[in-house]
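Coordinate inspection notes
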Amino acid sequence: AVVSTQSTGKELTTRATPFLGGNTPCMADYMIFPFYERIEALPQIVPELGSALELPENLALVKKWLVSMRGTDPVKQYGLSPARLAKATHVSHETGDYDAAMSASAGL
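Described below are features of the structure shown in this document. (Residues numbered from 1 in each chain as written. Predicted model: local features only at pLDDT ≥ 70, side-chain atom pairs only at ≥ 80, totals over all residues. Heavy atoms only, no water.)

Glancing now at helix 5 (residues 82-95). A rise of 1.5 Å per residue sets the reference length of helix 5, with its 14 residues, at 20 Å; its end C-alpha atoms lie 20 Å apart and thus fit the reference within 8%. Against the buried residues of helix 5 lie helix 2 (27-45), helix 3 (60-70) and helix 6 (98-104). Just downstream of helix 5, Gly-96 is the residue with a positive phi angle, here 75 degrees. (Helix = DSSP H or I, 4+ residues; strand = E, 2+ residues; numbered from the N terminus. Expected span 1.5 Å × (residues − 1). Contact = heavy atoms within 4.5 Å.)

A few words now on the pattern of salt bridges. For the coordinates displayed, the defined rule picks out 4 salt bridges. In this structure, Glu-11 engages Arg-15 in a salt bridge whose closest nitrogen and oxygen atoms are separated by 2.7 Å. Here the residue Glu-11 and the residue Arg-15 both occupy positions in helix 1 (residues 2-15), the gap between them amounting to 4 residues, near one helical turn. For Glu-11, a relative accessible area of 31% gives the class partly exposed. With a closest N to O distance of 2.7 Å, Arg-70 and Glu-40 form a salt bridge. With Arg-70 in helix 3 and Glu-40 in helix 2, the pair connects residues that are 30 residues apart, well separated along the chain. (Salt bridge = Lys/Arg side-chain N within 4 Å of Asp/Glu carboxyl O. Buried < 20%, exposed > 50% of the residue type's maximum accessible area, 1.4 Å probe, protein only.)

Our focus in this paragraph is the packing of aromatic side chains. Following the criterion strictly, the structure yields 2 aromatic pairs and no others. Measuring from centroid to centroid gives 5.2 Å for Tyr-36 and Trp-65, while their planes differ by 70 degrees, and the two rings are edge-to-face. Taken together, the positions of Tyr-36 in helix 2 and Trp-65 in helix 3 put the pair 29 residues apart, joining distant regions of the chain. Under the relative-accessibility criterion, Tyr-36 is labelled buried at 4%. One aromatic cluster in this structure is built from Phe-33, Tyr-36 and Trp-65. (Phe/Tyr/Trp six-rings, centres within 6.5 Å; stacked < 30°, edge-to-face > 60°.)

Don't take any of this as a statement about function, it's just geometry.
Encoded structure:
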C-alpha cells in the first residue's frame, strides 16, 4: 500500500494540482478514492497497530488530496467515514452479513 500511496503522491507533485484531474477531480481520482478511504480507516480497524497504519508524514499531498476528495459532492454523498468503515468491517467480520454491517454503522 505504501508504494501505491507514494505513486499517487509523486503524481500529485508532478501535476502540481489538487487532483489527478487538475483543479477538479477526474475519473481517476474517483476510482482510486475508495482504496484510500479504506487505508484511512485501517488504524481504527486494527487499533493494536495504531499509528503504524497511518499514512506517513512524507505523503502530505496525498493527505491533502484525501481532504479535498472528501469535500466533493459525490464523496460527500457516497463516501464512508473511517469510523463507519471500521464499524462495518467489525460487524461484517462477526456476522458475515454486509447489509447488517452497513445498517449497524449508519450514522457514523
